[in-house]
Structures are given as C-alpha cells and as structure tokens.
Amino acid sequence: MKSKILVLIGAVCLFLASCKEDSKPLVITDKRAKIQKENKDTQVFVHFMVWYETPESTGNVWGSHWAWSQASPPTYDATTGEWSKIKSNYVPLTGPYASSDRNILEYQLLLLKYAGIDGVIPDWYGVEDRGKSEDKTRSLEALWSMVKEVGLKMAVCYEDQYKSTDLNTAIASIQTDMKYLEDNYFVNDDYLKINGAPALLIFGPQRVKAAYDWTTCFSVLSQEPSFIPLVAHGLLNKAYGFFNWPFNTPWQSQYTTTVKVPFIYPGWDDIYDDSRASANDQKNHRTDVNYENGEFLSRQIELARTKKPEYLQLSAWNDYGEGNIFEPTVEFGYTFLNVVQEKLTGVDPSYNAKEVFPQIKRYYDLKIANNKIQDEEVKKQLEKAFLYFCALKPSDAISILDKLDPK
C-alpha cells in the first residue's frame, strides 16, 4: 500500500502544477441525501466494532485487536504490499486502522451508504474505557460525528460483561453509561428510535441479569429505551424484543415474533484456535462457516427478503477476530457489499454503486497520500469530492479524483 501512496503523491504533485480549478469551498445542501432502494420493507443496520487502535492513535503501541503481542506487531512489506502478523485471517483493503480515524470512517460510511445500508450498531462497553489503550468511547464519538455527516442512523449495542461483580457497583456504572448515552445520542434525530423510544441493544446481559435491576439502571433516564437483549438472555418482560447472532438461533429459524432484529452474516473463520490466542479466546472458537464467495450470504438474504423483517442486522462489519466481516478485504474485495446492494437492499442501478465502491477506496488513498505532503489545494479538492459522494453525485466526485490521480 505504501508504494501505491508514493505513486499517488507523484500524481497529486502533477495536479498541483497545472491546477486551475476554483478553490472556493463547495456548498452542498443535500450531502445527507438518501439513496433510493428497491427493498423498502427492511431497515438494514450493520454491527460495528470500534475497538481498533494503531501506534498513531495510541501514541506508541498497537491495540490488542490487531496485534498478537507488542513484541510481534503487524508488519507491512513495502516490496510486496502485504501485511503480516495481523491478529486475523483476513486483512482490510486499507490495512489495519484506528477506529477513531476520520479518514477511515469517511471511507467506511460512504461504502455503507452506497450499499444501501441504513445505519450502524457500534459495540460499546461504557465510559470507563475513556483514555485507556483501547478507547472505544472516543471511537464511538468519532463514528457518531461521521454518521451525522454522511446521513445514516445509529443505535448502540451495549456490553455489561466487564462490569463489577458487585451488583450495586455495576448498576451505578451502568447508570453513568445510560446518562452519557441519553445526553449525547438518544435525543438526536439521527439515533434510531423504535416504538417511539431510542433503541438500545445489549450483548447479553451478562452481568446484570434481573429485569428489576435494569429498571434501576434506566431510572436516571427521562425515557426508557426500547431494550433489545441478545436471544436466550432473559428479560422477556423488560425487552421490546430480541436480536440474534451467529451460533445462537440458527439463521434459518430465527424469524419469530420475539426476534425483532434477526441477522445475516458472510461466514465465519475465527483465530481463536490459534496457539497465540488467550485461553479465554480459545474457549470462544467456533466451527468455520464457508463464505462460498458470497453464495452463503445470498441464501440468507433470499430468506430475509421473504420474511420481510422490519430490521435486519449485518453481523458484522469488522470483527476480524471472528472472520465475521462485511468490510472489503484483500481476500474478498467488495464481494459481500456487492451481494448486499444487489440482492438485499436493491440499490437503484443509476447510482452505479458496484462501480463506486473502488472509487471510494481511491478517494481514501488520495487522502492518505495528501496527508504526507499536506497541500491545502488538494485538501480542498478532496473535501469537494467527499461532499459529492455524500450527496450521491459520484460522477462529480470521480471527476475530481481523475484530475488528482490521472489514469
């Protein structure tokens, strides 16, 4: 990837030598435009991990979700253009990244928008991780900012599994988290509302399991959320409904009255059977599920289109440890996004979404290249391209990219 960036830097410099374009800021009022889709029955969200850190984001070390150890960190070979030693069987097209990085978030959310996906469901552990080596709260805030810019929706999937074993301490911590969510997200129009209340999924609950204790947890809120626990985790009387996940209820039989958010996934190939995995991770190893180059996903979509759920979760965008990945990778390219936009969402062909995906990656590469030379004119042109992509005017965005990166 670095060798390609050097080529892009050269192209950018050539552009600067001949650039005559007006550098005034471009004002686009419809950058939150909604893409037209054939499937209007189902709102499609994607589960989103916000736990990735790089030495650039932490100041010195790799986050534990990319690195097996600090002694053997991810390594890039500039000669082959390949990454190695990543804590995954697969490598994102961008290489490993920090979840809080604006450049990666622009790229990811533009891809989601052109795939016809309505929003994201970030997995969040609470404010206690703020300032730590994997600051998921900082990344959540960065994601939220970009969600609003691009014009998508968001709903949080909360995790209580690492709260204190002392019940009162755990409840107090959850109350702090709930108040943070209400003050910063729940009240916003871009946050998903279900049945008139903010949607809140929980991966469990795993620590606080009694319905009356969750009543206490929610007592600090002005309005209780539409609470959506994981299938088979109780709280039936407290829950609006449940969401499903691979290896819980089988995907073929998950469409019941209580499962309000069923799932589809591309396949499974986790790293938990690796000798370098922790003992706890090794316990989480699951049998591999073949991706079948998108055919396994296509069969799930065919059933989902028949069942017409109101909400459907793609599980997941970027869980590299599980190999549960819709995000474009070196190994699969844009295969899974292509299947989603063609067979699930039915994006209007006039957007040429399948052809736009690589152009969004090209935009990302040019931004990274310009970070090396910090040219203000190129920065302005790329900002225009971003606005055009957001406004669903990809031909205008690509025209700018062609000038910066002539083929």
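Everything discussed here concerns the structure shown above.
What counts as what
- Residues numbered from 1 in each chain as written.
- Predicted model: local features only at pLDDT ≥ 70, side-chain atom pairs only at ≥ 80, totals over all residues.
- Heavy atoms only, no water.
- Axes fitted to C-alpha atoms, helices over the stretch in contact; angles between N-to-C directions.
- Helix = DSSP H or I, 4+ residues; strand = E, 2+ residues; numbered from the N terminus.
- Parallel < 35°, antiparallel > 145°, perpendicular 65-115°, else oblique.
- Left-handed = near helix turned anticlockwise from the far one by under 90°.
- Contact = heavy atoms within 4.5 Å.
- Nonpolar A, V, L, I, M, F, W, Y, C, P; charged D, E, K, R; others polar.
- Buried < 20%, exposed > 50% of the residue type's maximum accessible area, 1.4 Å probe, protein only.
- Phe/Tyr/Trp six-rings, centres within 6.5 Å; stacked < 30°, edge-to-face > 60°.

(A) Here's a closer look at the packing of helix H8 (residues 295-307) against helix H9 (residues 335-344). With their axes 10 Å apart at the nearest point, H8 and H9 run at an angle of 25° to one another. Comparing the axis directions of H8 and H9 gives the class roughly parallel. Of the two possible hands of crossing, H8 and H9 adopt the one that is right-handed. Contacts from Leu297, Ser298, Ile301 and Arg305 of H8 reach H9 at Phe336, Val339, Val340, Lys343 and Leu344. Of the residues belonging to the contact of H8 with H9, the class tally is six nonpolar, one polar and two charged.

(B) Summary view of the side chain of Gln108. Inspection of the secondary structure puts Gln108 in helix H3 (residues 102-114). Owing to a relative accessible area of 1%, Gln108 belongs among the buried residues under this scheme. The residues touching Gln108, leaving out its near neighbours within four places in the chain, are Phe48, Tyr97, Trp317 and Glu327.

(C) Quick peek at unusual backbone geometry. The residue after Gly204, namely Pro205, is reached through a cis peptide bond having omega 15°. Even without being glycine, Lys85 reaches a positive phi, approximately 65°. When you line up the elements, Lys85 lands in the loop between strand E3 (82-84) and H3. Positive phi, normally seen in glycine, also occurs at Glu292, with a value near 55°. Mapped onto the elements of the fold, Glu292 is located in the loop between helix H7 (279-283) and H8.

(D) Spatial organisation of the side chain of Gln300. By the element assignment, Gln300 lies in helix H8. Looking at Gln300, the relative accessible area reads 1%, which means it is buried. If near-sequence neighbours (up to four positions away) are discounted, Gln300 is found in contact with Trp251, Tyr255, Phe263, Ile264 and Tyr265.

(E) The packing of aromatic side chains, seen in detail. Considering all chains together, one arrives at 35 aromatic pairs under this definition. Geometrically, the ring pair formed by Phe48 and Trp317 is stacked, given 6.3 Å between the ring centres and 5° between the ring planes. With Phe48 in strand E1 (residues 43-49) and Trp317 in the loop between strand E13 (311-314) and H9, this residue pair connects regions lying 269 residues apart in the sequence. Looking at Phe48, the relative accessible area reads 2%, which means it is buried. Taking 4.8 Å as the distance between ring centres and 85° as the angle between the ring planes, the aromatic pair formed by Phe247 and Trp268 counts as edge-to-face. Separated by 21 residues along the polypeptide, Phe247 in the loop between strand E10 (242-243) and strand E11 (259-261) and Trp268 in the loop between strand E12 (263-264) and H7 bring together distant segments of the chain.

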